[in-house]
Amino acid sequence: MQASRARLFKEYKEVQREKAADPDIQLVCDDSNIFKWTALIKGPSETPYEGGVFQLAFAVPEQYPLQPPQVRFLTKIFHPNVHFKTGEICLDILKNAWSPAWTLQSVCRAIIALMAHPEPDSPLNCDSGNLLRSGDTRGFQSMARMYTRLAAMPKKG
């Protein structure tokens, strides 16, 4: 547990130092628990998520970095690899392809990449996955854009 705390403190210092280096990601550690983090990530450009800001919750295990963090979307998102109700994310690096070389920041980058390149063949959101698998890209993008506007964009007025 001491090693995981040291690693998380190191990552915390790096995040503080490099805030301006990655404007698409804002990682914040819980004030009272180094094992709980949140992130705000910007939807990638030229996707239906563009213009949206999505909140992620990280639950970091005491065995970190030997075990991956549990990450989920707190912001509703229409995406084949994200469970619509729970926000669970289907991403290999959060499961069997985890490596201690990954950091919380690089996990955020991988999630942004997944947003831009969905994998409809391993869906957690079957409706979203079925639209893409059937070739209805327009329908998928329309739904994803609608949910981005509803859940991930600041309300005007």
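Residues numbered from 1 in each chain as written. Predicted model: local features only at pLDDT ≥ 70, side-chain atom pairs only at ≥ 80, totals over all residues. Heavy atoms only, no water.

## A word on the overall build of the protein chain
Logical step 1: The secondary structure content of the protein chain amounts to 4 helices and 4 strands.
Logical step 2: Going residue by residue from the N terminus, the α and β elements of the protein chain occur as α-β-β-β-β-α-α-α.
Logical step 3: Against the compact-globule benchmark of 15 Å for 157 residues, the protein chain has a radius of gyration of 16 Å, which places it among compact chains.
Logical step 4: In terms of overall dimensions, the protein chain has C-alpha extents of about 50 × 40 × 25 Å along its principal axes.
Logical step 5: For the protein chain, buried positions account for 41% of its 157 residues.
Logical step 6: Look at the contacts in the protein chain between residues 6 or more apart in sequence, and 56% of them connect residues 24 or more apart. (Helix = DSSP H or I, 4+ residues; strand = E, 2+ residues; numbered from the N terminus. Rg over C-alpha atoms; globule rule 2.2 N^0.38 Å. Buried < 20%, exposed > 50% of the residue type's maximum accessible area, 1.4 Å probe, protein only. Contact = heavy atoms within 4.5 Å.)

## Focus: the side chain of asparagine 125
Logical step 1: Among the structural elements, asparagine 125 can be located in the loop between α2 (104-116) and α3 (126-133).
Logical step 2: From its side chain, asparagine 125 meets the backbone nitrogen of serine 128 in a polar contact 3.0 Å long. (Polar contact = N/O pair within 3.5 Å; in protein donor to acceptor, adjacent residues only side chain to side chain.)

## Overview of the UniProt feature "active site" (unreviewed entry) in the protein chain
Logical step 1: Within this structure's numbering, the places UniProt gives as "active site" (unreviewed entry) are Cys90.
Logical step 2: Relative to the helices and strands, cysteine 90 resides in the loop between β4 (70-73) and α2.
Logical step 3: A relative accessible area of 27% means that cysteine 90 is categorised as partly exposed. (UniProt positions renumbered as here; feature names shortened; annotations may be inferred.)

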